[in-house]
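Listed below, chain by chain, are the residues.
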Amino acid sequence: SVRHNSVNACLMPVCAADQCAVITVEGIGSVKRGLHPVQQRMYELHGSQCGFCTPGIVMALYTLYRNSPKATSAEIEEHMDGNLCRCTGYRPILDAA
C-alpha cells in the first residue's frame, strides 16, 4: 500500500529518500496543468498571504487528503501541527482544509 508522508526538506537527509517517490508542491498541480483541490481551496479561501509557509501547509494537507480523505476538523488541526504561519492567524487555512 502507498503511504504519503510530509517531511521537512531541510531536516531530511537525501539518502533517506532512497526507494521513495518524492512529490513537491509544484508536482501536485500548477496554473498551467490545473491546481490540486488543496491548492485551489487555499487560493479561493485566502489561505495564503505572504506565501512563505504555503508550500509546507499545502503538502501537509495534501498528505492528509491522500491518507484520510474524510478527516475530521480535529484530525486536520492535529496534522497541521508544526506548520507555522505568521500572517493568516490559521482561520483561512483551516477553512480551506
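Structure's up top.
As the structure is a prediction and not an experimental result, all values here were calculated from the model. (Residues numbered from 1 in each chain as written. Predicted model: local features only at pLDDT ≥ 70, side-chain atom pairs only at ≥ 80, totals over all residues. Heavy atoms only, no water.)

Student: I keep staring at the overall build of the chain and nothing clicks. Help me out?
Tutor: What the chain contains, in helices and strands, is 5 helices and 0 strands. Taken over the C-alpha atoms alone, the chain extends approximately 35 × 35 × 25 Å along its principal axes. Pairs at least 24 residues apart make up 55% of the contacts formed inside the chain by residues separated by at least 6 positions. On the chain, roughly 7100 Å² of surface is accessible, and the fraction owed to carbon and sulfur atoms is 55%. Of the charged side chains in the chain, 8 are positive and 8 negative; the average position of the first set lies 7 Å away from that of the second. (Helix = DSSP H or I, 4+ residues; strand = E, 2+ residues; numbered from the N terminus. Contact = heavy atoms within 4.5 Å. Areas by Shrake-Rupley, 256 points an atom, 1.4 Å probe, with all protein chains shown as cover. Lys, Arg positive; Asp, Glu negative; His and termini not counted. Charge placed at Lys NZ, Arg CZ, Asp CG, Glu CD.)

Student: Which parts of the structure should I look at to understand a nonpolar patch on the surface?
Tutor: Judged by side-chain polarity, V31, L35 and Y43 come together as a nonpolar surface patch covering roughly 360 Å² of accessible area. Looking at where Y43 falls in the secondary structure, it is placed in helix α2 (residues 37-44). For Y43, a relative accessible area of 60% gives the class exposed. (Patch = residues over 30% accessible without salt bridge, like charges linked within 9 Å, V, L, I, M, F, W, Y side chains within 5 Å. Salt bridge = Lys/Arg side-chain N within 4 Å of Asp/Glu carboxyl O. Buried < 20%, exposed > 50% of the residue type's maximum accessible area, 1.4 Å probe, protein only.)

Student: What's the story with helix α3 (residues 54-67) in this structure? I'm lost.
Tutor: In an α-helix, one turn spans 3.6 residues; hence positions three or four apart end up facing the same way. With 14 residues, α3 should reach 20 Å at 1.5 Å per residue; the first-to-last C-alpha distance of 20 Å fits that figure. Those residues of α3 that fall on the buried side of the exposure criterion are T54, I57, V58, M59, A60, L61, Y62, T63 and L64. Where the residues of α3 are buried, they touch α1 (25-28), α2, α4 (73-79) and α5 (91-96). (Expected span 1.5 Å × (residues − 1).)

Interpretation note: all reported values are geometric properties and have no functional meaning in isolation.
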